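This is what each chain is made of:
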Amino acid sequence: MFSVVRGYNILVIVIAQYLTSIYILAHDIPVKQVLFDLNLFMIVLASAATIAGGYIINNFYDSEKDLINRPIKSRLDKLVSQNTKLSFYFVLNFSAVIMASYVSFKAVLFFSIYIFAIWFYSHKLKKILFIGNFTSAILTITPFFAIFMYYRNFETVIFVHAIFLFLMVSMRELTKDLENIKGDLAQDYQTIPIKYGERASKIMLTGLSIVTIVPICLLLYYFNIGFMYLYFYLCILLLIMFLMLLWKSKTKTHYLILHNILKFIIVAGVFCIVLINVNLVLKSI
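Residues numbered from 1 in each chain as written. Predicted model: local features only at pLDDT ≥ 70, side-chain atom pairs only at ≥ 80, totals over all residues. Heavy atoms only, no water.

## Section: the overall build of the chain
Spelled out, the test is: Runs of E in the DSSP output that reach at least two residues are strands. Runs of H or I that reach at least four are helices, and both are numbered from the N terminus. Restricting the calculation to C-alpha atoms gives the radius of gyration, and the globule rule supplies 2.2 Å times the number of residues raised to the power 0.38. Whether a residue is buried, partly exposed or exposed follows from its accessible area with a 1.4 Å probe, protein chains only, as a fraction of its type maximum: under 20%, in between, or over 50%, in that order.
Per the secondary structure count, the chain includes 15 helices and zero strands. Scaling as 2.2 N^0.38, a compact globule of 285 residues should have a C-alpha radius of gyration of about 19 Å, and the chain matches this with 19 Å. Projected onto the principal axes, the alpha-carbon positions of the chain cover approximately 55 × 45 × 30 Å. Among the 285 residues that make up the chain, the fraction classed as buried is 49%.

## Some points on the packing of aromatic side chains
We count it as follows: Note on aromatic contacts: the rings of Phe and Tyr and the six-membered ring of Trp form a pair at centre separations within 6.5 Å, being stacked when their planes are under 30 degrees apart, edge-to-face when over 60 apart, and tilted otherwise.
Evaluation of the coordinates by the stated rule reveals 18 aromatic pairs. Pairing Phe227 with Tyr229 gives two aromatic rings, centres 6.4 Å apart and planes at 35 degrees, and the pair type is tilted. The exposure class assigned to Phe227 is partly exposed, which follows from its relative accessible area of 44%. For Tyr229, a relative accessible area of 33% corresponds to the partly exposed category. Through a chain of ring-to-ring contacts, three or more aromatic side chains come together here, namely Phe110, Phe111, Tyr114, Phe145, Phe148, Phe154 and Phe159.

## Topic: the pattern of salt bridges
We count it as follows: One side-chain nitrogen of Lys or Arg within 4 Å of one carboxyl oxygen of Asp or Glu is enough to make a salt bridge.
One pass over the structure, following the stated rule, counts two salt bridges. Among the salt bridges present, the one from Arg172 reaches Glu173, with a minimum N-O distance of 3.1 Å. We note that Arg172, like Glu173, is buried. Salt bridges linked by common partners bring Arg172, Glu173 and Lys176 together as one network.

## Details of the nonpolar core
Where a protein is soluble and globular, its nonpolar side chains tend to be buried together. In plain terms, the rule: For the purposes of this section, nonpolar cores are sets of buried Ala, Val, Leu, Ile, Met, Phe, Trp, Tyr and Cys residues that join through side-chain atoms within 4.5 Å. In what follows, a contact means two residues having at least one pair of non-hydrogen atoms within 4.5 Å.
Membership of the largest hydrophobic core comes to 83 residues, with the highest contact counts inside it found for Phe164, Met168, Tyr231, Phe232, Phe242 and Ile265. No other element matches the twelve residues that helix H3 (residues 38-61) contributes to this core. Those residues in contact with Met168 that lie beyond four places of it in its chain are Thr212, Leu239, Leu262, Ile265 and Ile266.

## Notes on the packing of H3 against helix H8 (residues 131-151)
Under the convention used in this document: Axes here refer to lines fitted to C-alpha atoms; in helices the fit is confined to the stretch in contact. Angles between the N-to-C directions go from 0 to 180 degrees. For classification, angles of less than 35 degrees are called roughly parallel, those exceeding 145 degrees roughly antiparallel, those between 65 and 115 degrees roughly perpendicular, and all remaining angles oblique. Two helices that cross are described as forming a left-handed crossing if the nearer one is turned anticlockwise from the farther one by less than a right angle, and a right-handed crossing if clockwise. Any residue that is not Ala, Val, Leu, Ile, Met, Phe, Trp, Tyr, Cys, Pro, Asp, Glu, Lys or Arg is counted as polar, Gly included; the first ten are nonpolar and the last four charged.
With their axes 10 Å apart at the nearest point, H3 and H8 run at an angle of 160 degrees to one another. In terms of orientation, H3 lies roughly antiparallel with respect to H8. Once H3 is placed against H8, the crossing between them reads as right-handed. Along its contact with H3, which presents Asn39, Leu40, Ile43, Ser47 and Ile51, the element H8 presents Pro143, Ala146, Ile147, Tyr150 and Tyr151. For the contact of H3 with H8, the per-class residue count stands at eight nonpolar, two polar and no charged.

## A word on helix H6 (residues 82-103)
This is how the line gets drawn: An expected span of 1.5 Å times one less than the residue number is assigned to each helix. Summarising the geometry, the arc corresponds to the directions from the helix axis toward the C-beta atoms.
If you check H6, its first and last C-alpha atoms are 32 Å apart, about what 22 residues at 1.5 Å a residue would give, namely 32 Å. Buried within H6 we find Lys85, Tyr89, Leu92, Asn93, Ala96, Met99 and Ala100. For H6, the angular spread of buried residues about the axis comes to 130 degrees, placing them on one side. Opposite the buried face of H6, at more than 90 degrees from it, the exposed residues are Asn83, Phe90 and Phe94.

## Let's talk about helix H7 (residues 105-123)
When the terminal C-alpha atoms of H7 are compared, their 27 Å separation across 19 residues agrees well with the 27 Å that a helix rising 1.5 Å per residue should span. For H7, the secondary structure elements touched by its buried residues are H3, H6 and H8.

## Description of unusual backbone geometry
Of note in this structure, Phe130 is not a glycine but carries a positive phi near 70 degrees. Residue placement: Phe130 occurs in the loop between H7 and H8. In this structure, Arg152 is a non-glycine residue whose phi angle is positive, near 50 degrees. Position of Arg152 relative to the elements: it lies in the loop between H8 and helix H9 (156-179).

## Section: a nonpolar patch on the surface
The following threshold applies: Only residues above 30% relative accessible area that lack a salt bridge enter a patch, with like-charged residues linked at up to 9 Å and the nonpolar side chains Val, Leu, Ile, Met, Phe, Trp and Tyr linked at up to 5 Å. Computed with the Shrake-Rupley method and a 1.4 Å probe, the accessible areas treat only the protein chains shown as cover for residues.
Taken together, the side chains of Val214, Leu218, Tyr221, Tyr222, Phe227, Tyr229, Leu230 and Tyr233 present a nonpolar region at the surface, about 840 Å² in accessible area. Looking at where Tyr229 falls in the secondary structure, it is placed in helix H13 (residues 229-246).

## As for the side chain of Thr175
Note on placement: Thr175 falls in helix H9. If we ignore the near neighbours within four places in the chain, the residues touching Thr175 are Leu205, Phe242, Tyr255, Leu258, His259 and Leu262.

## Comments concerning the confidence of the model for the chain
When pLDDT drops low, the exact placement of atoms in the prediction is not to be read closely. The test is simple: As a per-residue quantity, pLDDT reports the predictor's confidence and falls between 0 and 100.
Within the chain, residue pLDDT values average 89, and 92% of them lie at 70 or more. When pLDDT is averaged over each helix and strand of the chain, the minimum, 55, is found for helix H15 (residues 280-284) and the maximum, 97, for H13.

Right under this line is the structure:
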């Protein structure tokens, strides 16, 4: 079940939500107050439960495709019956709504819409050209929008960070389509690589990589991000490496390496948030 809900991904998202709250969204609030904020805790738990439920329903609809794209993981996931997965799916979503109700009615409405959007994406939107990729990227950053709405911090730097994350996730989704082209073709998914070919997908990824440099430069030269500038310089180097490897890639293994480069950039970005103000925690204790 841990494999089905991708517990490692959820753990990273939970850490990311707290670090984002401490260092970006609520940087003017004492760290202890943020860490022991019960409303934030409930929002984070509701997000984790909703995302876990999303992975389950996505696994349910993609079970046949995953047999082709991820045979080892698929065999492991099949140790849990479909009935058990669906039962756990409903329990997780119900728990998310209950936890959100502790915060406010608006939170209940937000997570109810989020739960429905994840189901609708897995059931219908995922197979639709362009819309599937766009929706997936939006749903990925939605948990951060939940805490953004909670703190109501409208500083420009937050939107620039969000654009950077959205572009990185969009690149990862398109790279995953290249990696999973065999299974998507077998299940009649209308993805960009299937519809327009690998070359067109590589051109789009190149364009997205170039566009991603824009928010990186804005964060480097127009905002105070502390020592996090080191992370963004690393991002530029990794994106150059990504592009060099991209145009030489032909096999599933090659695209898996590219996918892991983008995943590393995203995960490393989570932990590098602390570089914005390395003394913040010490000053607050």
